[in-house]
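Given next are the chains, with one letter for each unit.
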Amino acid sequence: MSASNRPSAAPQSQSASAGQPQKIQPLYVLAWFLCALFYFYQYAIRSAPGIMQDELTQAWGNSHLGLMIASYYIVYALAALAVGVLLDRYGAHATMPVGIAITSVGCLIFAQGSVAAGLGGYVIQALGAICAFVGSSYVAARYLPARTLALFVGLTQCLGMAGAAFGSKPTRILIDPAGSFHLPWQTVWLGFGVIGVTLAIATWFVMPRDSGDSAAHHGHLSAENLLKPFKIIFGNPQSWYAGIIGGLLFVPTTIGALGWGASMLNKGEHVSMAFAASDVSMVPIGWVIGCPLLGWISDKIGRRKPVLIGGAVVLLAASLCALYVPVGVMPRYSVALVMGIASGAAMIPFSSMKEVNPPEVKGTAAGVMNFLVFGTTGILSPMVSALMGGGGDTMTVFHRAFLPLVIGIVVAILLSFRLRETGWAVQK
């Protein structure tokens, strides 16, 4: 049966594993690690503007943070569709170094310092940055044992959120006017650009030089063959469930914690920006713990849904505590840490997306997953900004603005019951 005739294909473990190594090979792990390191890097630069709000406002008159975040995720989501197809057709060696180089160019443009350079550079970063997670997932699904997929997807996100922590606290230390370094924010972006160029060169040398999947899976280059994998994936209702669930579980950290969390604590709870940055950085640190842990548990028990639903319920409880329990009632940093750990459940649908679709479209599936996840972010970000009414000054404003994010977690939990179980335990 052709792939086009099976949009609701069975989990890929049997068919996909046939073409994958059955044992972990060091070269392939190193290739995955460089892709995951790129994810660390792009998360660091993605979260940095949220910590530079005061400096960007002083330089530009208005930080345009809401517009920057919305533009970033819209471009990120659209680019995900193209990157998935490129990976399936041409492979990681032809795609990943270019993506890293584009991201580093965006950092160098941002470092120029003007409003136009900041907005333009941030959007250019999104064009390259989408290669990070999609590429890491592609390399894990192509070169590593199938039964370790959720673990390596979780480890990828672990490094990503470690990058978010790096983009928060250390960046604040470097630019803090009262600190020891007091570097101009432009210098920080210049450093990000240099790091990106170095990583692009290393990835080009290490990445396996094989091309994409068999040409028989994709055919000659034509509009019909380019659209074929999208028809397979978008025609599968399970793809929609996985994408929407992942998106709704992702936005509490991207929009809530990393986007507006520091502002909420500083203006709504009246704590210092230094404390707010430290507290916000605990969310990605929680991801560092939760993503590989929940992925490992899911692989270990051979089931996706119990881990997904359990993590989402804990995320809901932690989010409500962050909004409605005053700072100081709970142990210091505990709510943010638990929120981050539970948010690791958002990675489970990334594995499900690959497992409910044929293995020959795994790159495109990862791209579509990111399109749905960050498309959700692009939709909700301006909604939250609008509910802020130009900027939150009281907790009442933040409660109103973050209500869609809380409702989204509830919707994700309900949709999880419709998601097909794809763990190895149900295939016995």
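This text goes with the structure placed above it.
A quick note: this is a predicted structure, and the numbers were derived from the prediction, not measured.

A. Examining the side chain of Arg304 more closely. Secondary-structure assignment places Arg304 in the loop between α12 (273-301) and α13 (305-324). Sequence-distant contacts of Arg304, that is, excluding residues within four places in its chain, are made with Ala150, Ser298, Asp299, Ile348, Ser351, Ser352, Glu355, Glu421, Thr422 and Gly423.

B. A look at the nonpolar core. Val139, Trp189, Phe192, Leu249, Met347 and Phe402 are the most contacted members of the largest nonpolar core, which totals 128 residues. Sorting elements by how many residues they give to this core places helix α11 (residues 237-268) first, with 14 residues.

C. Geometry of the pattern of salt bridges. On inspection of all chains with the given rule, the structure shows 3 salt bridges. In this structure, the salt-bridge partner of Glu55 is Arg172, at a minimum N-O distance of 3.3 Å. Here Arg172 lies in helix α7 (residues 149-175) and Glu55 lies in helix α3 (residues 53-60), a separation of 117 residues in the sequence. Owing to a relative accessible area of 12%, Arg172 belongs among the buried residues under this scheme. Counted as one network, the salt bridges with shared partners bring together Asp299, Arg304 and Glu355.

D. View of a nonpolar patch on the surface. Judged by side-chain polarity, Val197, Ile201, Trp204 and Phe205 come together as a nonpolar surface patch covering roughly 410 Å² of accessible area. Structurally, the position occupied by Val197 is in helix α8 (residues 185-206).

E. Representation of helix α4 (residues 65-90) within the structure. The end-to-end C-alpha separation of α4 is 36 Å, in line with the 38 Å expected for 26 residues at 1.5 Å each. Remark: Gly91 follows α4 within two positions and exhibits a positive phi of approximately 85 degrees.

F. Examining the packing of aromatic side chains more closely. If you walk through the whole model with that rule in mind, you get 21 aromatic pairs. Here the aromatic rings of Trp60 and Trp185 are separated by 5.9 Å at their centres, their planes lie at 90 degrees, and the arrangement is edge-to-face. In this pair, Trp60 sits in helix α3 while Trp185 sits in helix α8, placing the two residues 125 residues apart along the sequence. We note that Trp60, like Trp185, is buried. With 6.0 Å between their ring centres and 45 degrees between their planes, Phe398 and Phe402 make a pair best called tilted. One end of the pair, Phe398, and the other, Phe402, are both in helix α17 (residues 395-416), 4 residues apart, so they sit about a helical turn from each other. Owing to a relative accessible area of 0%, Phe398 belongs among the buried residues under this scheme. Among the aromatic residues, those joined into a ring-pair cluster are Trp60, Tyr72, Tyr76, Phe110, Tyr122, Trp185, Trp189 and Phe192. Seen from the ring of Tyr43, Arg46 lies directly overhead, with NZ or CZ sitting 4.1 Å from the centre. Between the NZ or CZ atom of Arg209 and the centre of the ring of Trp204, over which it lies, the distance is 4.9 Å.

The rules behind these values
- Residues numbered from 1 in each chain as written.
- Predicted model: local features only at pLDDT ≥ 70, side-chain atom pairs only at ≥ 80, totals over all residues.
- Heavy atoms only, no water.
- Helix = DSSP H or I, 4+ residues; strand = E, 2+ residues; numbered from the N terminus.
- Contact = heavy atoms within 4.5 Å.
- Core = buried A, V, L, I, M, F, W, Y, C linked by side-chain atoms within 4.5 Å.
- Buried < 20%, exposed > 50% of the residue type's maximum accessible area, 1.4 Å probe, protein only.
- Salt bridge = Lys/Arg side-chain N within 4 Å of Asp/Glu carboxyl O.
- Patch = residues over 30% accessible without salt bridge, like charges linked within 9 Å, V, L, I, M, F, W, Y side chains within 5 Å.
- Areas by Shrake-Rupley, 256 points an atom, 1.4 Å probe, with all protein chains shown as cover.
- Expected span 1.5 Å × (residues − 1).
- Phe/Tyr/Trp six-rings, centres within 6.5 Å; stacked < 30°, edge-to-face > 60°.
- Lys NZ or Arg CZ within 6 Å of the ring centre and 35° of its normal.

Don't take any of this as a statement about function, it's just geometry.
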